[in-house]
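Given next are the chains, with one letter for each unit.
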Number of protein chains: 2
Amino acid sequence: MSIRVGIIGYGNLGKGVECAIKQNPDMELVAVFTRRAPESVKILTQTAEVVNIADIEKWTDKIDVAVICGGSATDLPTQTPEYSKLFNCIDSFDTHARIPEHFANVDKVCKDNDKVTIISIGWDPGLFSLNRLMGNVILPDGKDYTFWGKGVSQGHSDAVRRIAGVKNAKQYTIPVDAALEAVRNGENPELTTRQKHTRECFVVLEEGADAAQVEKEIVTMPNYFADYDTTVNFISEDEFNANHQGIPHGGFVMRSGKTGWNGETNHMIEYSLKLDSNPEFTASVLIAYARAAYRLAEKKDYGCKTIFDIAPALLAAQDGAELRAHLL
Amino acid sequence: MSIRVGIIGYGNLGKGVECAIKQNPDMELVAVFTRRAPESVKILTQTAEVVNIADIEKWTDKIDVAVICGGSATDLPTQTPEYSKLFNCIDSFDTHARIPEHFANVDKVCKDNDKVTIISIGWDPGLFSLNRLMGNVILPDGKDYTFWGKGVSQGHSDAVRRIAGVKNAKQYTIPVDAALEAVRNGENPELTTRQKHTRECFVVLEEGADAAQVEKEIVTMPNYFADYDTTVNFISEDEFNANHQGIPHGGFVMRSGKTGWNGETNHMIEYSLKLDSNPEFTASVLIAYARAAYRLAEKKDYGCKTIFDIAPALLAAQDGAELRAHLL
């Protein structure tokens, strides 16, 4: 029998989850829950239903795991505890500073309702966290580096779009090659914000907007751009539509460390992702962890979990003997 | 209270384990077990004892986890089942094809004796296996690539040393840059043995040996060299001692995969290690998993385990709340 999955929220991430389910024959999408009028939402899976979120309680016996595809700022802090009353859930909560609070809220609901919810799944937090942990436990005498990009920052793109005179905009975060190389060479550099990443903006102006003024507002914007070297490119709407519709991302987690009786031996661990679609890749990670949530619930190992709590074998459709024979 | 560790076998790997324990304040080396005369074995840890292996049964109440540092060919297949009767154990069994058999033997002993033994820990098998599994579960529609090096192959170095006229030799396995780049570019190449790695030998000849003959014997050696492009460098003993005493290694695990409803989106996951000392790094991985073995034994979750069965949080000295706050 397939693992029956529900998707809550059908934006880019929800669509990515739908596609990821198609790649996993032991899983089946049964319903997409939406705040919109269900008949206005067209999904790709012919065997699944689109359901108004108000009717979600009728689905508790028909869904094994719900993947919550809301945003971290306002949706997930309330949605994940709420839906963890009804289902085993997965979310991609990515506000690092608020994870402990979110964990506590979800853990209580899960334990009161015999559910398993795995939070903060994706690549950062998620796979990058896992690699930071592995680097730290294997090389305790060492230094961590995380670089992001090249990729689209939605938050920074939104910030540029809010400037008067900007019709459309996309912002790419780019790791500085020289910084990456210094880390790879084991130089253990202390890197400032400016030394680690540059920011590049592609901006379509409204007719008659003042380019110099827009550029100045971007590069001096506190928190978002002021601490970085930022390049602003003004382009036509046609060029924007032709070349800047994707949502690529990626990055690097590196651990440089020493072993030996007197710490005389150097090692470098590097993990990197190059993703043509951030939401589709994140969705693929969510679906692998949905399998783990289902299995933990079968074992009655209830509560809130993170990527740190999941034995890798729980992620795979194959059993332990098959994994040992083919992947170990 | 510290986790009390014993080391069985004190070669390069055993020494590496001793150094790794020093870097982990929640662990303590209590004894090194050896087949040699104990008084002939000098260890670095002043608070630990050197004990003849014949007396190991007297230590069952004084050791929480034993790290077995024997070889995979003849030592570990008998040692790990034998010592799993007495202790929770960790080994680095690396004969991939025989892992299922080794697992079955160890699992039976562990379950009969309420012990936890984690086998095949290190980087390949080990961290590379973990990354192969993660790549496969996240990108089920994809292709795996593993490259080794640049690093010393002990087996190949031994094979060269067995040739008549060779006084000393070291063999380096080197991944082919063009192959790595083709994989990184998402070309999904089908690579032959020869296209993936080259082999480079540094050889010190006995006086009067025939260099041309030695070179021919190396490059035509079946299984070891015949399928590779091999370079042979004849060097002086001084140069050998100055530049080829280390045991560096490393490699790359890559997963190239597609997502999207019709598999139209590309992604690349890359994991790489650059290790100045293969045994010291392997030892550091063993010690992190020794912590996990101790914790699983405390939970009475007995049996044989592999890296696939270990939740990452079990590897860290910190508790879950600390990990979530600082590493997630």
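In what follows, the structure referred to is the one given above.
Residues numbered from 1 in each chain as written. Chains lettered and ligands numbered in written order. Predicted model: local features only at pLDDT ≥ 70, side-chain atom pairs only at ≥ 80, totals over all residues. Heavy atoms only, no water.

(A) Just the overall build of chain A, in detail. Scanning chain A for helices and strands turns up 11 helices and 14 strands. Its C-alpha atoms give chain A a radius of gyration of 22 Å, within 12% of the compact-globule value 20 Å for 328 residues. Viewed in the frame of its principal axes, chain A has a C-alpha envelope of about 65 × 60 × 35 Å. Put simply, chain A has 328 residues, and 57% of those count as buried. Restricting to contacts in chain A with at least 6 residues of sequence separation, those with at least 24 account for 68%. Here chain A has roughly 13,600 Å² of accessible surface; of this, 46% comes from carbon and sulfur atoms. For chain A, the centre of its 34 positive side-chain charges and the centre of its 45 negative side-chain charges are spaced 3 Å apart. (Helix = DSSP H or I, 4+ residues; strand = E, 2+ residues; numbered from the N terminus. Rg over C-alpha atoms; globule rule 2.2 N^0.38 Å. Buried < 20%, exposed > 50% of the residue type's maximum accessible area, 1.4 Å probe, protein only. Contact = heavy atoms within 4.5 Å. Areas by Shrake-Rupley, 256 points an atom, 1.4 Å probe, with all protein chains shown as cover. Lys, Arg positive; Asp, Glu negative; His and termini not counted. Charge placed at Lys NZ, Arg CZ, Asp CG, Glu CD.)

(B) Highlighting unusual backbone geometry. Residue and element names in this part refer to chain A. Here the residue pair Asp-124 and Pro-125 is connected by a cis peptide bond, since its omega of 5° sits within 30 degrees of zero. Checked against the element boundaries, Pro-125 lands in the loop between β6 (116-118) and α4 (127-138). Put simply, Gly-149 and Lys-150 share a cis peptide bond, and its omega is 0°. Tracing the sequence through the fold places Lys-150 in the loop between β7 (142-148) and β8 (151-152).

(C) Molecular detail of the packing of aromatic side chains. By the definition in use, this model includes eight aromatic pairs over all chains. Measuring from ring centre to ring centre gives 6.2 Å for A:Phe128 and A:Tyr271, while their planes differ by 80°; the resulting arrangement is edge-to-face. Placement of the pair is A:Phe128 in helix α4 and A:Tyr271 in strand β13 (residues 265-275), with a sequence separation of 143 residues. Considering the side-chain rings of A:Tyr172 and A:Phe202, the 5.7 Å spacing of their centres and the 80° angle between planes classify their relative orientation as edge-to-face. Taken together, the residues span a long stretch of sequence, with A:Tyr172 in strand β9 (residues 166-175) and A:Phe202 in strand β10 (residues 197-205) at a distance of 30 residues. In this structure, A:Tyr172 and A:Phe202 share a single accessibility class: buried. An aromatic cluster is defined as three or more aromatic residues linked by ring pairs; in this entry it consists of A:Trp123, A:Phe128 and A:Tyr271. Over the ring of A:Phe147 we find A:Lys196; its NZ or CZ atom is 5.1 Å from the centre of that ring. Sitting above the plane of the B:Tyr172 ring, B:Lys150 keeps its charged end 5.2 Å from the centroid. (Phe/Tyr/Trp six-rings, centres within 6.5 Å; stacked < 30°, edge-to-face > 60°. Lys NZ or Arg CZ within 6 Å of the ring centre and 35° of its normal.)

(D) Spatial organisation of the nonpolar core. Membership of the largest hydrophobic core comes to 164 residues, with the highest contact counts inside it found for A:Phe281, A:Tyr289, B:Phe281 and B:Tyr289. Every residue in contact with A:Phe281, bar those within four places of it in the chain, is listed here: A:Trp123, A:Leu127, A:Leu273, A:Leu275, B:Ile138, B:Leu139, B:His267 and B:Ile269. (Core = buried A, V, L, I, M, F, W, Y, C linked by side-chain atoms within 4.5 Å.)

(E) The arrangement of the sheet that holds strand β7 (residues 142-148) of chain B in detail. Pairing in this open sheet of six strands is antiparallel, and the strands run β7(A)-β12(A)-β13(A)-β13(B)-β12(B)-β7(B) from one edge to the other. The two strands at the open ends of the sheet, each matched to only one other strand, are β7 of chain A together with β7 of chain B. Each strand axis lies, on average, 10° off the axis of its neighbour in the sheet, ignoring direction. When strand β12 (residues 249-259) of chain A meets β13(A), the two strands line up antiparallel, connected through 11 bridges. Paired with A:Phe252 across the strands is A:Ser272, a residue of β13(A). Packing of helix α4 (residues 127-138) of chain B onto the sheet brings it into contact with β13 of chain A together with β7, β12 (249-259) and β13 (265-275) of chain B, and relative to β12(B) it is tilted by some 5°. Each of β13 of chain A together with β7, β12 and β13 of chain B is contacted by helix α6 (residues 177-184) of chain B, which is oriented at about 30° to β12(B), the strand it contacts most. (Pairing = 2+ DSSP bridges. Axes fitted to C-alpha atoms, helices over the stretch in contact; angles between N-to-C directions.)

(F) Spatial organisation of the interface of chain B and chain A. Facing 67 residues of chain B, the contacting portion of chain A comprises 67 residues. Carbon and sulfur atoms make up 65% of the surface buried where chain B meets chain A, a total of about 5,900 Å² over both sides. Inspection of the chain B/chain A interface yields zero salt bridges. For the interface between chain B and chain A, the tally reads 26 residue pairs in polar contact (both at pLDDT 80 or more). Counting only elements with at least two residues in the side of chain B that touches chain A, the list comes to α1 (12-22), α3 (99-113), α4, β12, β13, α10 (278-298) and α11 (320-326) of chain B. Ranked by residues supplied to the side of chain B that touches chain A, first place goes to β13(B) with 11 residues. (Buried area = accessible area lost by both parts, 1.4 Å probe. Salt bridge = Lys/Arg side-chain N within 4 Å of Asp/Glu carboxyl O. Polar contact = N/O pair within 3.5 Å; in protein donor to acceptor, adjacent residues only side chain to side chain.)

(G) Main features of the layout of surface pockets. Space inside the largest pocket adds up to approximately 1,400 Å³. Along its surface, the largest pocket is lined by 47 residues, and B:Ser72, B:Ser92, B:Asp94, B:Gln154 and B:Asn278 are the ones closest to its centre. Elements represented by at least two residues in the lining of the largest pocket include exactly α1, β2 (27-34), α2 (76-83), β7, α5 (154-161), α7 (193-196), β10 (197-205) and α10 of chain B. Counted by class, the lining of the largest pocket contains 16 nonpolar, 23 polar and eight charged residues. Considered as a void within the structure, the second largest pocket measures approximately 1,200 Å³ in volume. Contributing to the lining of the second largest pocket are 33 residues, with A:Ser72, A:Asp94, A:Asp124, A:Gln154 and A:Asn278 lying nearest its centre. No other element matches the four residues that helix α5 (residues 154-161) of chain A contributes to the lining of the second largest pocket. By residue class, the composition of the lining of the second largest pocket is 11 nonpolar, 18 polar and four charged. (1 Å grid on protein atoms, 1.4 Å probe; cavity = no way out; pocket = protein on both sides within 12 Å on 5 of 7 lines; lining within 4 Å. Points joined across faces, edges and corners; volume = space filled by probe spheres on them. Nonpolar A, V, L, I, M, F, W, Y, C, P; charged D, E, K, R; others polar.)

(H) Main features of the relation of the copies chain B and chain A. Superposing chain B onto chain A takes a rotation of 180° plus a shift of 0.0 Å along the axis, which leaves an RMSD of 0.0 Å. Such a turn and shift between the copies fits a two-fold axis. The share of interface residues of chain B whose copies in chain A are also at the interface is 100%, consistent with both copies meeting through the same surface. (Least-squares fit on C-alpha atoms with pLDDT ≥ 70 in both.)

(I) Representation of the pairing of β13(B) within the structure. Within β13(B), nine of the 11 residues are buried, which leaves it mostly tucked inside the rest of the structure. Where β13(A) meets β13(B), nine bridges bridge the pair, whose relative direction is antiparallel. Pairing of A:Tyr271 across the sheet is with B:Tyr271, part of β13(B). Hairpin remark: β12(B) followed by β13(B), antiparallel, with five residues in the connecting loop; positive phi at B:Gly260, about 100°.

Remember, this is a structural readout, not a statement about activity or role.
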